[in-house]
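# Structural overview for review
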Amino acid sequence: MSQPFATESGITLASKLDQSVTHTPSPLTPRPPLRPGNPLVIKEILKLILQFADQRSRAAASKVCQLWSGIALDELWRSLPSIFPLLKLLTHRKWVLTPTTYHKNLLSSLAKADWDRFKQYALRVRSVGAGHTGRADLPLDSAALVQMFGPSPLLPNLKTLSWRFIQSKNCMSIVPFIGPKLESLVLVMEEGIESLEQSLLMQSLSRRMPALKSLRLVSFSPAHHMTTSLAALISSSPKLTRIELPPFFLTQEIVAATAQLPLLAELSFSKWTKAAETYHESGMSFKFTPASFLGLDILSFASLPNRMAEVLQSTDHVGRLRTVFLDCPAYNSLREVENVFAALGSGAQNLDNVQLVCSPIPQLASSSSKDSLSVDTIRPLFSCTQLRRLYLSAPHMVPLQDEDVIEMGKCWPAMRNLILCPSPLVNRDRGQ
């Protein structure tokens, strides 16, 4: 059954929940009391049932009795599609920065709000998504919240937060909701968000999330504008196990910060489909150093092919990897691509997933599709007997003979997905 709390005029979850709290059964239809032996009065059983119920059923369950109400509301408010259902408990004013008088009017409304009721629901929230009702609701006037609520986080038990920024007016709108228990953070910066605003946000988030385990950042800002602030944010989150950054964000400072994370198991980059010339070489500085990335299991990075081959020669580190996603934005010859595979196959015996996206330099792009890529290019990976997926994208044809296919089958008995240059006439074709 679909969730009934979103309408064209805005999300009305708060009002629905408010009704569930204040509603009392009609005296004409009294409900029989739940006897102690009834399994539906056992909190553990009731909680399991409501975990699999839809939002409408949870809202109805919250009206049954006091016992059911608390458990049902916990599940109902545990995961929100956006922050606005919670904010509408305070005021139904638009949470948008407009004229100077707006901030004053909003403060006046917040001063009359029922903050005890707000806290009652805020304590239940564990996850907030990136949904919103439209551009008119963003950005939030976070200054008003901080001024009324104080420095304490508005959602003290929040563990998962996704936030999409579509305007540069105030990237700080997310800060009041960040608390020390946050474990997963997704920040999506749309094109047009100023680099300075993004950098200031990273500075503000630093040291606020000691329990953070997963960080995902989507941004079109040049890496060198955010290097110092993002590196500080990463360094202040020692429990990080997964980081996903734009492919051009691995500057020396950021790499140094990620290298010291003792629990990091995955370092990857978000999908990127722009032309190779938009890459910035300062953001392709990934390298292995002694006593770094000791627990890394999944690695994605972009680099020029010769530099990439040099990085992959660190067999002590590469030998522990199970998944690699490599992006070569510009190569001068097929020989450079072959060197990448040779370096990868020499030390990565435990690989089960390899993806390599290659683009020639612009001067070669028009003629590259005429050159064939030999099966000998990928032959170094024949020693990776656990390989289950191989994706190679390059503007070349890959002619295969029957004996080549038979040999691949013998070397890769676990292979489930083999894709070699699916679009030989296209310069950039990203894998999944």
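One numbering rule holds for all chains: residues counted from 1, following each sequence as written. Whole-chain, interface and lining totals are the exception, using all residues; otherwise, since this is a predicted model, local features are given only for residues with pLDDT of at least 70 and side-chain atom pairs are given and counted only at 80 or more. Values shown for side chains rest on all heavy atoms present in the structure; no hydrogens or waters enter the calculation.

## Topic: the sheet that holds strand β4 (residues 127-128)
Put simply, the rule is: Paired strands, in this sense, are two strands between which DSSP finds at least two bridges. For helices the rule is a DSSP run of H or I covering at least 4 residues; for strands it is a run of E covering at least 2, with both sets numbered from the N terminus onward.
Spatial ordering of the open sheet is given by β3-β4-β5-β6-β7-β8-β9-β10-β11-β12-β13-β14, a layout of twelve strands whose pairing is parallel. Edge positions in the open sheet fall to β3 (79-80) and β14 (417-420), since each of these has one partner strand only. Note: strand β11 (residues 323-331) against strand β12 (residues 353-360), seven bridges, orientation parallel. Considered in β12, the bridge of tyrosine 331 is made with proline 360.

## Remarks on the confidence of the model for the chain
So the rule is basically this: As a per-residue quantity, pLDDT reports the predictor's confidence and falls between 0 and 100. We call two residues in contact when some of their heavy atoms are within 4.5 Å.
Overall, the prediction assigns the chain a mean pLDDT of 78, with 74% of residues at 70 or greater. For residues 17-30, every residue scores under 50 in pLDDT, and the model assigns this stretch 15 contacts once sequence neighbours within four places are set aside. Per-residue pLDDT stays below 50 along residues 133-139; that stretch engages in 21 contacts with residues further than four places along the chain or on separate chains.

## Brief notes about a nonpolar patch on the surface
Rules: Exposure above 30% relative accessible area and the lack of any salt bridge qualify a residue for a patch; like charges then connect within 9 Å, and the nonpolar side chains Val, Leu, Ile, Met, Phe, Trp and Tyr within 5 Å. Here the open area of atoms and residues is found with the Shrake-Rupley method and a 1.4 Å probe, where only the protein chains shown may cover a residue. Every case where a carboxyl oxygen of Asp or Glu lies within 4 Å of a side-chain nitrogen of Lys or Arg is listed as a salt bridge. Here the term buried applies to any residue with accessible area under 20% of the maximum for its type, exposed to any over 50%, and partly exposed to those in between, with areas from a 1.4 Å probe on protein chains only.
There is a patch of nonpolar side chains on the surface, built from Ile42, Ile45 and Ile49 and spanning about 230 Å² of accessible area. Relative to the elements of secondary structure, isoleucine 49 occurs in helix α2 (residues 43-51). When its relative accessible area of 43% is taken as the criterion, isoleucine 49 is described as partly exposed.

## So, a positive patch on the surface
Definition in use: Only four residue types enter the charge count: Lys and Arg as positive, Asp and Glu as negative, with His and the chain ends excluded. By convention, the charge on Lys lies at NZ, on Arg at CZ, on Asp at CG and on Glu at CD.
On the surface, Lys159, Lys181, Lys213 and Lys239 cluster together into a patch of positive charge. Its location among the elements puts lysine 239 in the loop between α10 (227-235) and β8 (242-245).

## Let's talk about the packing of aromatic side chains
Going by this rule: Note on aromatic pairs: the rings of Phe, Tyr and Trp (six-membered ring only in Trp) are paired at centre separations within 6.5 Å, and the planes decide the class, stacked below 30 degrees, edge-to-face beyond 60, tilted for the rest.
If you walk through the whole model with that rule in mind, you get eleven aromatic pairs. Residues tryptophan 163 and phenylalanine 165 carry aromatic rings whose centres are separated by 6.5 Å and whose planes lie at 40 degrees to one another, so their mutual orientation is tilted. Judged by centre distance (5.2 Å) and plane angle (50 degrees), the ring pair of phenylalanine 286 and phenylalanine 293 falls under tilted. Judged by relative accessible area, which is 1%, phenylalanine 286 ranks as buried.

## Some remarks on the pairing of strand β6 (residues 184-189)
Among the six residues in β6, six count as buried, and that is most of the element. With burial as the criterion, each face of β6 is covered, one bearing Ser184, Val186 and Val188 and the other bearing Leu185, Leu187 and Met189. Taken together, the six bridges between strand β5 (residues 160-165) and β6 define a ladder with parallel strand orientation. In the strand pairing of β6, leucine 161 is matched with leucine 185. With five bridges connecting them, β6 and strand β7 (residues 214-218) associate as parallel partners. Each residue of the ladder has a partner; that of leucine 185, found in β7, is leucine 215.

## Examining the packing of α2 against helix α4 (residues 66-78)
Convention followed: Orientation is described by axes fitted as lines to C-alpha atoms, over the contacting stretch for helices, and by angles from 0 to 180 degrees between their N-to-C directions. Each crossing is labelled by how the near helix is turned from the far one, with a counterclockwise turn of less than a right angle marking it left-handed and a clockwise turn marking it right-handed. When residues are sorted by character, Ala, Val, Leu, Ile, Met, Phe, Trp, Tyr, Cys and Pro go into the nonpolar class, Asp, Glu, Lys and Arg into the charged class, and all the rest, Gly among them, into the polar class.
Running from N to C, α2 and α4 cross one another at 35 degrees; their axes reach a closest spacing of 10 Å. Where α2 crosses over α4, the handedness of that crossing is right-handed. Each of Lys43, Leu46, Lys47, Leu50 and Gln51 in α2 lies in contact with α4, whose residues at this interface are Leu67, Trp68, Ile71, Ala72, Glu75 and Arg78. Taken together, the residues that form the contact of α2 with α4 break down as six nonpolar, one polar and four charged.

## Considering the pattern of salt bridges
Within the structure shown, the criterion is met by eleven salt bridges. With a closest N to O distance of 3.0 Å, glutamate 190 and arginine 164 form a salt bridge. A residue pair is termed long-range when its members are at least 10 positions apart, and glutamate 190 in the loop between β6 and α9 (195-205) and arginine 164 in strand β5 qualify at 26 residues. A salt bridge links glutamate 338 to arginine 335; the nearest nitrogen and oxygen atoms lie 3.2 Å apart. Residue glutamate 338 and its partner arginine 335 are located together in helix α14 (residues 334-347), separated by three residues, close to a single helical turn. Residue class for arginine 335 comes out exposed when judged on its relative accessible area of 53%. Because the salt bridges share partners, they merge into one network encompassing Arg216, Arg242, Glu244 and Glu266.

## Observations regarding the pairing of β14
Of the pairings in the sheet, the one linking strand β13 (residues 389-393) to β14 comprises four bridges and is parallel in character. Within β14, the position partnered with leucine 392 by the bridge is leucine 420.

## Regarding helix α11 (residues 252-259)
For α11, every residue scored as buried is listed here: Ile254, Val255, Ala257, Thr258 and Ala259. Looking at the packing, one finds that the buried side of α11 touches α10, β8 and β9 (266-269).

## Notes on the nonpolar core
Quick note on the threshold: Here, nonpolar core refers to any group of buried Ala, Val, Leu, Ile, Met, Phe, Trp, Tyr and Cys residues whose side-chain atoms link them within 4.5 Å.
Leu86 and Leu185 are the most contacted members of the largest nonpolar core, which has 104 residues in total. The dominant element in this core, judged by the number of residues it contributes, is α14, at five residues. Discounting residues that sit within four places of it in the chain, leucine 86 has contacts with Trp77, Leu80, Phe118, Tyr121, Ala122, Val125 and Leu155. Residues Leu46, Ala53, Ala61 and Trp68 belong to the second largest nonpolar core, which totals seven residues.

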